[in-house]
Amino acid sequence: MMMNNIIKIIKKNQSFIILPHLKPDGDAIGSSLALAKGLKKMNKNVKIISMDDVPYDVKFLDCEDYLVNSVDMESIDIVFALDSSDIGRLEDRKEFLVKPIVNIDHHKTNTLYGELNLVKEDACATGEIIYNLLNSLKIDIDSDIATDLYTAIASDTGNFMYSNTTAKTHEIAAELITKGIDVAEISMYLYQNIPLNKFKFNTEVLSKVEFYFVSKVALVTISKELKDKYENDNTDSIVESIRNIEGVEVAILIDERKNIAKISMRSKKDIDVSSIALNNGGGGHVNAAGFEVDSGLEAAKKIVIKELGMIYEGIS
Ligand SMILES: [Mn+2]
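Here the structure is a predicted model, which means the values were calculated and not measured.

### A look at the domain arrangement of the chain
Taken domain by domain, the chain holds domain 1 (2-191) and domain 2 (196-311). One C-alpha centre belongs to domain 1, the other to domain 2, and the line joining them spans 26 Å. Opposite the 10 residues of domain 1 that make contact, domain 2 presents 15 residues. Across the domain 1/domain 2 interface, buried area totals approximately 960 Å², and carbon plus sulfur atoms make up 45% of it. Of all residues in domain 1, Lys23, Lys108 and Thr109 bury the most surface against domain 2, accounting for 43% of the area lost on that side. Our count for the domain 1 to domain 2 interface comes out at one salt bridge. Across the salt bridge formed by Lys108 and Asp272, the nearest N and O atoms sit 3.8 Å from each other. At the surface where domain 1 touches domain 2, the tally comes to five residue pairs in polar contact (both at pLDDT 80 or more).

### Things to note about the pairing of strand β10 (residues 260-267)
With seven of its eight residues buried, β10 lies for the most part within the structure. Looking at chain direction, strand β9 (residues 250-257) and β10 are connected through eight bridges and run antiparallel. When the bridges of β10 are listed, Arg257 appears paired with Ile260. As paired strands, β10 and strand β12 (residues 288-293) are joined by six bridges and run antiparallel to one another. Bridged to Ile263 within β12 is Phe291.

### Here we look at the sheet that holds strand β4 (residues 78-82)
The six strands are arranged β3-β2-β1-β4-β5-β6 in an open sheet whose pairing can be described as parallel. Each having just a single partner strand, β3 (67-68) and β6 (116-119) make up the two edges of the open sheet. Of the pairings in the sheet, the one linking β4 to strand β5 (residues 101-105) comprises four bridges and is parallel in character. Within β5, the residue paired with Val79 across the bridge is Ile101. Sheet strands touched by helix α1 (residues 2-12): β1 (15-20), β4, β5 and β6. Its angle to β6, the strand with the most contacts, is close to 130°.

### Details of the packing of aromatic side chains
One pass over the full model with this rule turns up five aromatic pairs. Consider the rings of Phe213 and Tyr312, whose centres lie 5.6 Å apart with planes at 25°: the pair is stacked. Within this pair, whereas Phe213 is found in the loop between β7 (210-212) and β8 (217-222), its partner Tyr312 is found in the segment after α11 (297-311), the two being separated by 99 residues in sequence. Overall, Phe213 belongs to the buried group, its relative accessible area being 13%. In this structure Tyr312 comes out as buried when scored by relative accessible area, which is 4%.

### Some thoughts on the environment of Thr109
Residue placement: Thr109 occurs in the loop between β5 and β6. Thr109 gets classed as buried once you look at its relative accessible area, which sits at 11%. In sequence terms Thr109 and Gly282 are 173 residues apart; their C-alpha atoms lie 8.5 Å from each other. In this view, Thr109 contacts Ser85, Leu278, Gly283 and Gly284; residues no more than four positions away in its chain are not counted. In terms of polar contacts, Thr109 uses its side chain to reach the backbone amide nitrogen of Gly284, at 2.9 Å.

### Describing the coordination of the manganese ion
Distances from the manganese ion to its protein donors, Asp27 (OD), Asp83 (OD), His106 (NE2) and Asp156 (OD), fall at 2.1 to 2.3 Å. For the manganese ion, all donor residues lie on one chain, and their spacing in sequence is D-x55-D-x22-H-x49-D. With Asp83 in the loop between β4 and β5 and His106 in the loop between β5 and β6, this pair connects stretches of sequence that are 23 residues apart. The same class applies to Asp83 as to His106, namely buried.

### Some thoughts on the environment of Asp140
Mapped onto the fold, Asp140 is located in the loop between α3 (126-136) and α4 (143-156). Among the residues examined, Asp140 registers a relative accessible area of 48% and is labelled partly exposed. Filtering out sequence-adjacent residues up to four positions away, Asp140 remains in contact with Lys41 and Ile145.

Conventions used here
Residues numbered from 1 in each chain as written. Predicted model: local features only at pLDDT ≥ 70, side-chain atom pairs only at ≥ 80, totals over all residues. Heavy atoms only, no water. Domains from an automatic or database assignment. Contact = heavy atoms within 4.5 Å. Buried area = accessible area lost by both parts, 1.4 Å probe. Salt bridge = Lys/Arg side-chain N within 4 Å of Asp/Glu carboxyl O. Polar contact = N/O pair within 3.5 Å; in protein donor to acceptor, adjacent residues only side chain to side chain. Buried < 20%, exposed > 50% of the residue type's maximum accessible area, 1.4 Å probe, protein only. Helix = DSSP H or I, 4+ residues; strand = E, 2+ residues; numbered from the N terminus. Pairing = 2+ DSSP bridges. Axes fitted to C-alpha atoms, helices over the stretch in contact; angles between N-to-C directions. Phe/Tyr/Trp six-rings, centres within 6.5 Å; stacked < 30°, edge-to-face > 60°. Donors = N, O, S within 2.8 Å, 3.2 Å for Na, K, Ca; no water.

Here it is in structure tokens:
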């Protein structure tokens, strides 16, 4: 139903912009590129607007004709917001939110801020929804688009390891592989390509991991100073690394940003970190969620520990 409405909107209009979320990840970039390249095949005008650098692990995707910092909004008919659970995820680009918004996402905490909202919380990635949309539009998924979609899906499923990985996920991946993508090469870029300064940064951060609640919770903080020291502000893979420790059920990363601290949480099994995020104005999935607080690292740490105390009450 909603899919049909979006198809109508696409057919009726000519010029589109696509906004992935702030600090885009593989799903945000991959799904945006796949949608952009699909619309291009329909002879539509389309650009992707992001103010952030493309993260190092997805730089291999072909963004060249699509990624810009600005467009003349007079000429734009429709704004796609991708992989963004709430409008705050687009707040660095408010000036572009002046045309009807089509919100396409898979976060269960999505606030349905669009004129049209295609939110599928059972989709493993926004890339899965875009895959279905392109098929519904009867757009030929070539190896370039398939590479974007495979990257989106691999990124959000932890390379097909997380609980959002379903038979459907593998069916789509299999279909994408038949389009001639190079899985080994994509995996090399995604997982075997860490810049040396980032690796050294990770090493120092991980050497200072703290444990709480009889080591069921692992926590790291990242100061601005440390990011300056290594000239690196990419925190990817760190929270996952501490989640991977035996017995750890919740992993927390607290990142000091300008005037705020950003908290990223990962959990195992049915421990729901999205409810902690929601309590604090953030969002996410059961096993991966986050929020921000207007404070420094120590105050942020206290907030998180207090929240986790509700889960691990009596254990110390
Ligand atoms: Mn996603």
